[in-house]
Amino acid sequence: MPGDPSLSIIPRDPKFRGLRDYMISFFGLDRPQWEQFVIYLQRLFTLDWGVSYQDHRPVADILFHDLGWTLLLVGTSTIITILIGIAVGAYSAVRRGKAFDFVSTGIGIFLYGMPIFWLGLVLQSAFRKNSVFQTWIPGWPALPTSGYYDDRLIPWNWDIVHLADAGLHLLLPALTLSLGTLAGISLVMRNSLIDVMTEDFVTTARAKGLSPRQVLRRHILPNGLPPMVSLIALDIAFILGGAYQVEVIFRYQGIGFRTIEAIGSLDYPLLQFIIVIGGVAVVLANLLSDFLLLWLDPRIKIS
Amino acid sequence: MGTVDVVKVPGAISPFRARATVVSRRMQDIGLQVFHNKTAMAGLIILLFFTFLAVAAPLIAPYSPLTAVPDVGPLTLPGGVHPFGTNQFGYDIYSQVIWGTQISLLVGVLAAGVASVIGTAVGLISGFVGGWIDEVIMRFNDVVLSIPWLVLMIVVAARLNYLDLAGIILVIGLTGWSVTARVVRSQVLSLKERMFVERGRMIGSSNAHILLRHIFPNAFPLIFANTILTVAISILSESVLAFLNLSVKSNVSWGRIIAEAYQHDALTIGMAAWIIVPGLCIVFLVFGFYLFGYALDEILNPRLRRR
Amino acid sequence: MPALLEVRDLTIEFRTKAGIVHAVEGASFNVERGEAMGLAGESGCGKTTTALALMRLLPYNGRIVRGSISFEGRDLVPVPEDSMRAIRWKEMSIVFQGAMNSLNPVQRVGRQIAEPIMLHEEAEPEASFKRAGDLLELVGISRNRLNDYPHEFSGGMRQRVMIAMALACNPKLVIADEPVTALDVMIQAQILDLLERLRRELHLAMILISHDLSVLADTCEQVTIMYAGKTMESGKTMDLFTDPKHPYTQGLVGAFPDIRGPRNMPEAIPGDVPSLISPPSGCVFHPRCKFAFDRCTKAEPALTELSVGRRAACFLYPQVTEVPPRPIVITEV
């Protein structure tokens with residue numbers, strides 16, 4: 001990898017020479033790259049995940065703290081996205097070709113093409129203190145635009161004040177991430193449901209005298225969900241990418257924010273572990289989706 | 001190929017001529033459908049507009065994007081000859097936005113080209129050869145697909161250590177081929193089942209011949225539609241990298257303009273256009289590619305057409 | 001007492017991008033209580049569309065333009081959708097073609113059979129499931145299989161499940177749309193026997209739709225032959241097969257080899273079913289008819305009674321009249 005991390009840790013000054021040499025051998029930077037890699041792998045499996053160049057704290061400590069906040073953000077917005085996405089997708093599938101379908105699909109494609117970081121900036125400017133809207137529209141809210149919770153409330157405490165404030169701080173980031181990932185879900189939901197609607201058993205259900213709502217809930221949705229589940233699992237990588245951007249924009253110090261910082265300071269132990277965590281997250285998401293599918297679709301058997 | 005004597009029937013057109021006619025008729029047919037499809041036309045108009053901006057940038061843009069304007073200083077508020085103001089170095093933002101079209105389009109199209117070539121090759125081989133090779137390729141594809149793309153891109157960007165225009169195109173292209181590979185593979189699998197491949201086998205065609213002469217031309221329209229969609233994604237990727245200061249440093253791109261605006265708190269100093277306009281450009285360009293790509297996909301993909 | 005089902009001049013159109021498809025035009029037939037009526041014709045001639053229209057289940061782009069569907073004397077065409085839902089399955093049910101997709105793949109069959117019982121008879125779940133088990137046994141499947149999913153059954157078994165489901169609310173009429181297509185011959189015979197037995201035991205009326213005349217021959221009292229959305233001929237099954245009047249019927253009957261007769265190659269009807277977007281002028285069958293003459297290309301023959309219970313639409317018979325030119329209806333675009 002490029003750059004000499006030791007330079008970013010210790011100033012290039014002769015009087016720090018000894019310290020620098022010590023640091024280099026402490027982090028193993030004097031060994032060949034392949035050897036460093038083997039050592040890393042060894043340590044990975046012995047749960048020794050290295051020490052950050054920057055913070056000099058074990059990377060696991062740093063990242064598990066960040067991970068909690070990232071999970072809160074990603075979890076909240078994924079739940080919002082799935083609920084709204086499924087509702088919008090289902091409704092436009094039912095009203096295919098009608099105004100609602102046309103408008104929601106149009107907005108969907110539009111949102112789909114929106115860079116998440118830019119969406120975050122726009123929302124931030126719309127809801128910050130003294131925003132243009134606040135001067136025009138009385139009662140326009142101002143929402144917190146950075147951090148996990150108000151600095152004045154540090155340190156964190158598990159009480160209602162902190163929780164409420166954290167919730168308030170979560171609003172905009174979660175909204176941004178939801179809007180950014182919503183379109184993908186609702187568009188695929190729509191197409192998947194339209195596919196299901198052409199199946200014969202839907203006609204059977206209608207012939208039974210079920211109302212459109214009953215047909216949708218009992219017959220169409222249960223068949224449209226399995227493809228959605230695998231899609232959302234595949235989308236986790238995309239959602240994480242979005243979360244990174246949101247965290248940077250809102251200075252929400254989760255994994256993504258840490259990644260960008262780590263790139264800036266060439267903090268490789270941290271970066272490597274972030275990639276490992278990302279991979280683990282995706283594997284876990286896929287595992288979870290496989291279990292969900294097993295429960296949703298009786299045709300799938302454990303083989 | 002073996003030696004197959006072509007029996008000449010007087011008055012019959014050669015099979016090659018017949019094929020050419022079929023293909024050109026198919027293209028004409030597709031062209032006509034695109035022309036009558038409102039979604040496709042809307043997308044095409046947006047794309048033509050931005051292509052015009054990119055090509056004619058030297059003529060339209062009043063100033064150079066990377067030279068300070070003579071009349072006013074840095075961070076001038078919008079107005080007069082500088083409709084969006086000037087940036088921290090005193091460059092005209094309006095001109096920057098117009099010039100930025102070039103990079104976004106160029107990176108988008110070329111990166112999608114790289115991704116499509118790799119994806120198509122992988123998909124063709126994986127789908128056609130099948131067996132354990134297919135299995136290995138698809139598992140590898142799963143892994144590529146499952147790594148958070150931004151991290152992957154950042155790692156590749158850091159690895160290449162070479163982020164000029166070619167570098168950024170390679171980074172986006174190398175990380176963006178797995179969806180194409182999947183689409184092409186499934187298309188190949190279904191084409192393989194079709195009659196004419198069987199027929200090709202029977203008259204003694206080699207695998208390469210079947211792949212290049214029968215399967216590829218039939219899969220091409222779908223690959224093309226998919227490439228258009230990949231362009232949209234590549235444009236978005238470039239903007240994200242540019243925003244994170246990981247993209248081309250020597251040229252202006254929309255993502256970079258937004259990044260600079262963000263760093264200089266454009267919104268608080270009354271220069272909202274500095275952020276809003278390049279963002280809208282990205283949104284509309286990507287929107288144009290999506291509209292065109294989706295419409296094309298719908299025209300070319302009979303399964304979708306039935307809906 | 002009126003016939004159970006009286007269809008008069010039923011005309012159905014589909015709006016598609018390519019134009020208006022005249023899927024069914026002027027279909028007329030009766031079904032008496034406990035009687036089986038066969039609906040035959042090549043694929044794409046409007047049989048399934050007719051069946052769906054009877055239950056008012058046309059897809060969103062299809063609509064009934066003209067005509068009436070009288071069920072026990074009540075015209076179903078103007079009935080609002082809400083009241084229609086109460087009639088579906090309770091009064092008439094349908095068994096679709098290809099049992100594979102007619103059952104919901106992610107729901108246990110017991111629930112699918114019990115669903116209309118709970119809906120229409122407001123029965124308790126236990127009572128409904130008990131009845132679902134009885135129905136399964138009625139069609140020859142063990143009630144232990146109530147908790148199985150459709151993919152755990154074979155093709156013929158799935159069709160039995162579908163039939164059990166169709167009987168769930170004791171309907172007066174069962175429409176069976178190609179019930180045995182895609183099943184192998186032995187299973188076909190079993191399913192047809194089952195339908196026939198149930199019809200007699202439960203005194204059901206049945207509309208049996210098939211492209212295969214031999215399927216109809218054994219089961220139906222009456223047969224209606226459709227072609228390109230129009231009714232060509234109708235009458236008692238035996239009469240129709242032994243003495244087909246319409247050249248199209250003659251062609252269909254001739255297309256089936258008679259295993260007892262001399263070993264001739266079955267005679268195929270040359271040509272294809274015409275486009276329903278721009279049907280040929282005059283008699284729709286004239287482009288494929290070997291007897292076609294001048295009048296056939298210009299005027300349309302009306303379905304006319306030739307003898308008691310026997311109707312045909314063909315100018316070969318002197319009593320057949322022309323369809324009066326229909327008033328031009330301006331449909332809103």
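Residues numbered from 1 in each chain as written. Chains lettered and ligands numbered in written order. Predicted model: local features only at pLDDT ≥ 70, side-chain atom pairs only at ≥ 80, totals over all residues.

A separate point is the overall build of chain C. Check the secondary structure of chain C and you find eleven helices and twelve strands. For 333 residues, the compact-globule estimate of 2.2 N^0.38 gives 20 Å, and the C-alpha radius of gyration of chain C, at 21 Å, lies within 12% of that figure. For chain C, the spread of C-alpha atoms along the principal axes amounts to about 65 × 55 × 45 Å. Among the 333 residues that make up chain C, the fraction classed as buried is 43%. (Helix = DSSP H or I, 4+ residues; strand = E, 2+ residues; numbered from the N terminus. Rg over C-alpha atoms; globule rule 2.2 N^0.38 Å. Buried ≥ 20, exposed ≤ 12 C-beta atoms within 10 Å, placed from the backbone.)

Turning to the interface of chain A and chain C, a few remarks are in order. Taken together, the contact between chain A and chain C spans 17 residues of the former and 23 residues of the latter. Elements that contribute at least two residues to the side of chain A that touches chain C include exactly helix 9 (200-207) and helix 10 (212-249) of chain A. Element by element, the count of residues in the side of chain A that touches chain C is highest for helix 9 of chain A, at six residues. Its residues assigned to classes, the side of chain A that touches chain C shows five nonpolar, six polar and six charged. (Contact = placed C-beta atoms within 7 Å. Nonpolar A, V, L, I, M, F, W, Y, C, P; charged D, E, K, R; others polar.)

Quick look at the domain arrangement of chain C now. Accessible area lost when the parts come together is the quantity often used to give the size of an interface. All names here are of chain C. Domain annotation for chain C reports domain 1 (5-91 + 173-312) and domain 2 (99-170). With centres defined by C-alpha atoms, the gap from domain 1 to domain 2 works out at 28 Å. Opposite the twelve residues of domain 1 that make contact, domain 2 presents eleven residues. Among the elements that line the side of domain 1 that touches domain 2, the one with the most residues is helix 7 (residues 185-202), at six residues. Here the side of domain 1 that touches domain 2 is composed, by residue class, of ten nonpolar, one polar and one charged. (Domains from an automatic or database assignment.)

Residues and elements named next belong to chain C. Taken in spatial order, the eight strands of this open sheet run 6-7-8-3-9-10-12-11, and their pairing is mixed. What marks the edges here is a single partner per strand, and that holds for strand 6 (92-95) and strand 11 (304-307). Neighbour to neighbour, the strand axes of the sheet diverge by 20° on average, direction disregarded. Bridge count between strand 6 and strand 7 (residues 173-177): four bridges; the pairing is parallel. Residue pairing across strands places Val95 opposite Ala176, the latter belonging to strand 7. (Pairing = 2+ DSSP bridges. Axes fitted to C-alpha atoms, helices over the stretch in contact; angles between N-to-C directions.)

Residue and element names in this part refer to chain C. Within the open sheet, the four strands sit side by side as 2-1-4-5. Their pairing is antiparallel. For this open sheet the edge positions go to strand 2 (19-31) and strand 5 (74-75), each flanked by a neighbour on one side alone. For strand 1 (residues 5-16) and strand 2, the ladder comprises nine bridges, and the chain directions are antiparallel. In the strand pairing of strand 2, Glu13 is matched with His22.

The next subject is unusual backbone geometry. All names here are of chain C. With phi around 70°, Trp89 is a residue other than glycine that occupies positive phi space. Relative to the helices and strands, Trp89 is located in the loop between helix 2 (81-87) and strand 6. For Trp89, a count of 26 C-beta atoms within 10 Å translates into the label buried. In this model, Glu122 sits at a positive phi of 45°, which is unusual for a non-glycine residue. Relative to the helices and strands, Glu122 resides in the loop between helix 4 (109-121) and helix 5 (125-138).

Once that is clear, we can look at helix 12 (residues 272-300) of chain B. With 29 residues, helix 12 of chain B should cover 42 Å at 1.5 Å per step; its first-to-last C-alpha distance of 42 Å lies within 8% of that length. Across the 29 residues that make up helix 12 of chain B, a large majority, 22, are buried. (Expected span 1.5 Å × (residues − 1).)

All names here are of chain C. With five of five residues buried, strand 7 lies mostly within the body of the structure. In the sheet, strand 7 pairs with strand 8 (residues 205-210) via five bridges, with the strands oriented parallel. In the sheet register, Val174 faces strand 8, and the bridge partner there is Met206. Since strand 7 and strand 8 lie parallel, the crossover through helix 7 that links them has a hand, and here it is right-handed. (Right-handed = clockwise from strand over helix to strand, strands pointing away.)

All names here are of chain B. Averaged over chain B, the pLDDT score is 78; the fraction of residues at 70 or greater is 80%. Ranking the helices and strands of chain B by mean pLDDT puts helix 2 (residues 38-55) first, with 90, and helix 13 (residues 302-305) last, with 46. A low-confidence stretch, residues 1-11 (pLDDT under 50), is modelled with seven contacts involving residues beyond four sequence positions or located in other chains. (pLDDT = per-residue confidence, 0-100.)

Helices that pack against each other are described as a pair by the angle of their axes relative to one another and the distance between those axes. Residue and element names in this part refer to chain B. Contact geometry for helix 8 (residues 178-193) and helix 10 (residues 207-243): axes closest at 10 Å, N-to-C directions at 155°. The angle between helix 8 and helix 10 falls in the class roughly antiparallel. The element helix 8 and its partner helix 10 pack so that their crossing is right-handed. Residue-level contacts link Thr180, Val183, Val184, Gln187, Val188 and Leu191 of helix 8 to Ile215, Asn218, Ala219, Leu222, Ile223, Asn226 and Thr230 of helix 10. For the contact of helix 8 with helix 10, the class distribution of residues is eight nonpolar, five polar and no charged. (Parallel < 35°, antiparallel > 145°, perpendicular 65-115°, else oblique. Left-handed = near helix turned anticlockwise from the far one by under 90°.)

All names here are of chain B. Two elements in contact, helix 11 (residues 254-263) and helix 12, have axes separated by 9 Å at closest approach and are oriented at 155°. In terms of orientation, helix 11 and helix 12 fall into the roughly antiparallel class. For the element pair helix 11 and helix 12, the recorded crossing hand is left-handed. Counted together, Trp254, Ile257, Ile258, Ala261 and Tyr262 of helix 11 and Trp274, Ile275, Pro278, Gly279, Cys281 and Ile282 of helix 12 form the full contact between these two elements. Broken down by class, the residue content of the contact of helix 11 with helix 12 amounts to ten nonpolar, one polar and no charged.

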